[in-house]
Amino acid sequence: MLEFDITSNEIRDGLVSFRADTLAFRFTPRPQTGRLECTVELREYLGGGSEGSVLMNGTASTTIERHQSSDAWLSFSGFGWRDAMRTRPVNRCHYRVSLDGDSTVRVAICGEERLF
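So, how was this worked out
Residues numbered from 1 in each chain as written. Predicted model: local features only at pLDDT ≥ 70, side-chain atom pairs only at ≥ 80, totals over all residues. Heavy atoms only, no water. Buried < 20%, exposed > 50% of the residue type's maximum accessible area, 1.4 Å probe, protein only. Helix = DSSP H or I, 4+ residues; strand = E, 2+ residues; numbered from the N terminus. Pairing = 2+ DSSP bridges. pLDDT = per-residue confidence, 0-100. Contact = heavy atoms within 4.5 Å. Polar contact = N/O pair within 3.5 Å; in protein donor to acceptor, adjacent residues only side chain to side chain. Salt bridge = Lys/Arg side-chain N within 4 Å of Asp/Glu carboxyl O. Axes fitted to C-alpha atoms, helices over the stretch in contact; angles between N-to-C directions.

1. Details of the pairing of strand β6 (residues 72–77)
Side-chain alternation along β6 places Ala-72, Leu-74 and Phe-76 on a buried face and Trp-73, Ser-75 and Ser-77 on a face that remains uncovered. By the bridge criterion, six bridges tie strand β3 (residues 22–29) to β6 in an arrangement that is antiparallel. Within β6, the position partnered with Phe-27 by the bridge is Ala-72.

Structure (structure tokens):
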């Protein structure tokens, strides 16, 4: 599991690997959090640090309301295949997490099979 804080109108980019064709992003608000729009975009990994097109089903947003104490979740799956024979699902991608608002949240990224 990868975790980091993101604050007020910040954008965080990175590369993530996962075992299943599923990724989940958990946004944990801090006390007294203001209203926030949390957006995730997943792009294909082309190798050598290069990123390609947005993955199929690879963009979503969620809203954290003012003073919300519960986590907000975004889950992604069905990204496609790494080979023409459809035997190897996508298992690595670039992510971009952005926050629109004036507060801080903790973000956790993990394969859904390890969430529970």
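Structure shown, so let's carry the discussion forward.
2. Brief notes about the confidence of the model for the chain
Of all residues in the chain, 96% attain a pLDDT of 70 or more, and the chain-wide mean is 87. Under a pLDDT of 50 for its full length, residues 112–116 has, in the predicted model, nine contacts with residues more than four places off or in other chains.

3. Observations regarding the side chain of Thr-104
Inspection of the secondary structure assignment puts Thr-104 in strand β8 (residues 104–110). We classify Thr-104 as buried; its relative accessible area is 17%. Polar contacts involving the side chain of Thr-104 include one to the side chain of Thr-7, which spans 3.0 Å.

4. So, the pattern of salt bridges
According to the stated counting rule, one finds ten salt bridges in the structure shown. Of the charged contacts in the structure, one is a salt bridge between Glu-3 and Arg-26, with a shortest N-O distance of 3.8 Å. Highlighted residues: Glu-3 in strand β1 (residues 2–7) and Arg-26 in strand β3, separated in sequence by 23 residues. A residue is classified by how much of its surface remains accessible, and Glu-3, at 38% relative accessible area, is partly exposed. Across the pair Asp-71 and Arg-26 runs a salt bridge whose closest N-O atoms are separated by 3.9 Å. Here Asp-71 is found in the loop between β5 (50–64) and β6, whereas its partner Arg-26 is found in strand β3, with 45 residues between them in sequence. Under the relative-accessibility criterion, Asp-71 is labelled partly exposed at 31%. Each of Glu-3, Asp-5, Arg-26, Arg-30, Asp-71 and Arg-106 takes part in one network of salt bridges that share partners.

5. So, the sheet that holds strand β2 (residues 11–17)
In space, the four strands of this open sheet follow the order β2-β7-β4-β5, with antiparallel pairing throughout. Of all strands in the sheet, those bounded by a partner on one side alone are β2 and β5. The average angle at which neighbouring strand axes cross in this sheet is 20°, direction not considered. Bridging between β2 and strand β7 (residues 92–101) involves seven bridges; their strand directions are antiparallel. Within β7, the position partnered with Asp-13 by the bridge is Arg-96.

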